[in-house]
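# Structure at a glance
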Amino acid sequence: MVFLGNERKTSLRKLALALRASPRETSDALHRLKRLGYPLRFSRAGAIERLPFRIIDAQQLRADLSTERIGRRIEWRLHVHSTQDELKKLEGEAEDGTVLLAETQYAGRGRLTRSWLSPAGGIWMSVLLRPTWPKSHQILALAFATAVARAIRAVAGVSPLLKWPNDLVVQSRKIAGVLAEASYDGSKLNQLIVGLGLNANIKTTLFPEELQGRVTSINREVGREVDRILLTRRILEETDDAYLRFESGEASELLHEVKRLCSTVGQEVEVTTVDGKFKGEALDIGEDGQLIVRLGNGATVPFYAADVAHLR
Ligand code: BTN
């Protein structure tokens with residue numbers, strides 16, 4: 001897309017010349033881009049056409065945006081390695097509530113150092129928060145994910161559940177994930193960068209085979225594309241509301257909403273941590289956002305950072 005500049009059509013030969021690459025290398029690279037969701041069409045005769053694609057236009061996003069803190073500043077990029085890292089580059093000058101969105105990420109990151117596939121059509125964004133209320137940042141991340149679920153329900157009519165810690169799932173298939181990266185000054189939370197990856201308008205066939213059957217997207221669920229600007233705006237509004245409530249000390253109400261949406265509590269689970277795997281029954285979410293599990297040996301253990309599989 002970038003290579004095409006303002007032109008809608010070009011030829012493989014012209015593009016290869018401009019890139020100083022062979023037609024074969026150019027064609028391979030273009031096909032890789034197409035697999036990443038770029039709206040390209042190829043003809044047998046070597047013509048390359050860019051299909052219409054609506055980006056998340058930050059100006060339109062700002063119009064009618066009614067938030068107090070989240071979205072006071074909005075940055076948009078076409079491609080980045082990771083919006084988390086791009087936002088960190090701004091952090092000294094960035095104010096509380098700064099949002100950074102990208103159309104695609106080359107090296108999107110998930111929790112537990114996993115990679116996160118970020119083709120065109122998703123919502124990939126990071127938000128910088130500098131909370132002043134001295135409560136666990138885990139609650140804020142859980143409240144953030146719950147607020148995103150509310151926005152998806154309102155705009156797209158899909159009702160995801162929360163899988164602890166921060167996954168949104170529709171019939172056990174993951175539709176979105178939240179990554180919260182905190183930095184502390186001693187024991188004081190300095191800032192939190194909350195990343196959201198939401199499979200909005202994405203063909204799930206783009207995902208690797210091992211993820212097929214475990215992921216979904218909004219357009220797969222509803223059979224049509226969702227307006228990403230409307231949805232992003234609503235996400236900013238719902239998360240802003242949750243953030244303001246967190247800041248005014250309503251953590252227990254937020255936790256209550258989290259628990260209502262959470263499909264993990266009551267399940268037989270397998271919890272994976274750096275110390276190994278544990279099986280048991282998920283009993284509750286504690287006031288710091290930890291998952292409380294009764295293990296097979298009867299011990300009740302809180303898990304703060306872990307991955308969870310629902311066993312039934
Ligand atoms: C997870 O479920 O593992 C969390 C996924 C978070 C992905 C988002 S996409 C935007 C932001 N930038 C990243 O590199 N990761 C987060």
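For the structure itself, look to the data block above.
Residues numbered from 1 in each chain as written. Predicted model: local features only at pLDDT ≥ 70, side-chain atom pairs only at ≥ 80, totals over all residues. Heavy atoms only, no water.

## Focus: the site of the ligand
- Close to the ligand lie 19 residues; Ser-82, Gln-105, Arg-109, Arg-111 and Lys-174 are nearest.
- Thr-83 places a side-chain nitrogen or oxygen 2.9 Å from a nitrogen atom of the ligand.
- Relative to its free-state accessible area of 420 Å², the ligand is covered by the protein chains to the extent of 99%.
- Of all the secondary structure elements, the ones that give two or more residues to the shell around the ligand are helix 4 (83-90), strand 5 (99-109), strand 7 (123-129), strand 10 (173-185) and strand 11 (188-198).
- Broken down by element, the residue count for the shell around the ligand peaks at four residues, all from strand 10.
- A per-class count over the shell around the ligand returns five nonpolar, ten polar and four charged. (Near = heavy atom within 4 Å. Polar contact = N/O pair within 3.5 Å; in protein donor to acceptor, adjacent residues only side chain to side chain. Areas by Shrake-Rupley, 256 points an atom, 1.4 Å probe, with all protein chains shown as cover. Helix = DSSP H or I, 4+ residues; strand = E, 2+ residues; numbered from the N terminus. Nonpolar A, V, L, I, M, F, W, Y, C, P; charged D, E, K, R; others polar.)

## Comments concerning the packing of aromatic side chains
- Taken as a whole and judged by the stated rule, the model has two aromatic pairs.
- Considering the side-chain rings of Phe-278 and Phe-303, the 5.5 Å spacing of their centres and the 45° angle between planes classify their relative orientation as tilted. Taken as a pair, Phe-278 in strand 13 (residues 276-285) and Phe-303 in strand 15 (residues 300-303) lie far apart in primary sequence, 25 residues in all. (Phe/Tyr/Trp six-rings, centres within 6.5 Å; stacked < 30°, edge-to-face > 60°.)

## Brief notes about the side chain of Asp-240
- Of note, Asp-240 is situated in helix 7 (residues 228-247).
- Beyond its immediate stretch of four places on either side in the chain, Asp-240 contacts Thr-67, Glu-68, Arg-69 and Ile-70. (Contact = heavy atoms within 4.5 Å.)

## Some words on the packing of helix 5 (residues 137-156) against helix 7
- At a minimum axis distance of 8 Å, the contact between helix 5 and helix 7 shows a crossing angle of 145°. Considering only the axes of helix 5 and helix 7, their crossing is right-handed. Contacts between helix 5 and helix 7 involve Ile-139, Leu-140, Ala-143, Phe-144, Ala-147, Val-148, Arg-150, Ala-151, Ile-152, Ala-154 and Val-155 on the former and, on the latter, Leu-230, Leu-231, Arg-234, Ile-235, Glu-238, Thr-239, Ala-242, Tyr-243, Arg-245 and Phe-246.
- Grouping the amino acids of the contact of helix 5 with helix 7 by side-chain chemistry returns 16 nonpolar, one polar and four charged. (Axes fitted to C-alpha atoms, helices over the stretch in contact; angles between N-to-C directions. Left-handed = near helix turned anticlockwise from the far one by under 90°.)

## Describing the sheet that holds strand 13
- Pairing is antiparallel across the open sheet formed by five strands, whose spatial order is 15-14-13-12-16. The outermost strands of the open sheet, each flanked by one partner alone, are strand 15 and strand 16 (307-310). Adjacent strand axes in the sheet meet at a mean angle of 45° when their direction is disregarded.
- Inspection of the sheet shows strand 14 (residues 291-295) paired to strand 15 by four bridges, in the antiparallel sense. The residue of strand 15 that forms the bridge with Val-293 is Val-301. (Pairing = 2+ DSSP bridges.)

## Examining the sheet that holds strand 3 (residues 47-50)
- Strand order in the open sheet formed by three strands is 1-3-2, and the pairing between neighbours is antiparallel. Only two strands of the sheet have a single partner each, and these edge strands are strand 1 (9-11) and strand 2 (40-42). Sheet twist, expressed as the mean angle between neighbouring strand axes with direction ignored, is 25°.
- Bridge count for strand 1 against strand 3 is three bridges, and the pairing is antiparallel. Bridging across to strand 3, Lys-9 finds its partner in Glu-49.
- Where helix 1 (residues 12-19) meets the sheet, it contacts strand 1 and strand 3, and its direction lies at approximately 75° from that of strand 1.
- This element, helix 2 (residues 23-35), spans strand 2 and strand 3 of the sheet and lies at about 135° to strand 2.

## Considering unusual backbone geometry
- For the bond from Trp-164 to Pro-165, the omega torsion is 0°, close enough to zero to count as cis.
- On the secondary structure map, Pro-165 appears in the loop between strand 8 (161-163) and strand 9 (167-170).
- For Arg-20, which is not glycine, the phi torsion reads 55° and is therefore positive.
- Secondary-structure assignment places Arg-20 in the loop between helix 1 and helix 2.
- Residue class for Arg-20 comes out exposed when judged on its relative accessible area of 81%.
- Not every positive phi belongs to a glycine, and Leu-112 is a case in point at roughly 55°.
- Following the sequence through the fold, Leu-112 ends up in the loop between strand 5 and strand 6 (115-118). (Buried < 20%, exposed > 50% of the residue type's maximum accessible area, 1.4 Å probe, protein only.)

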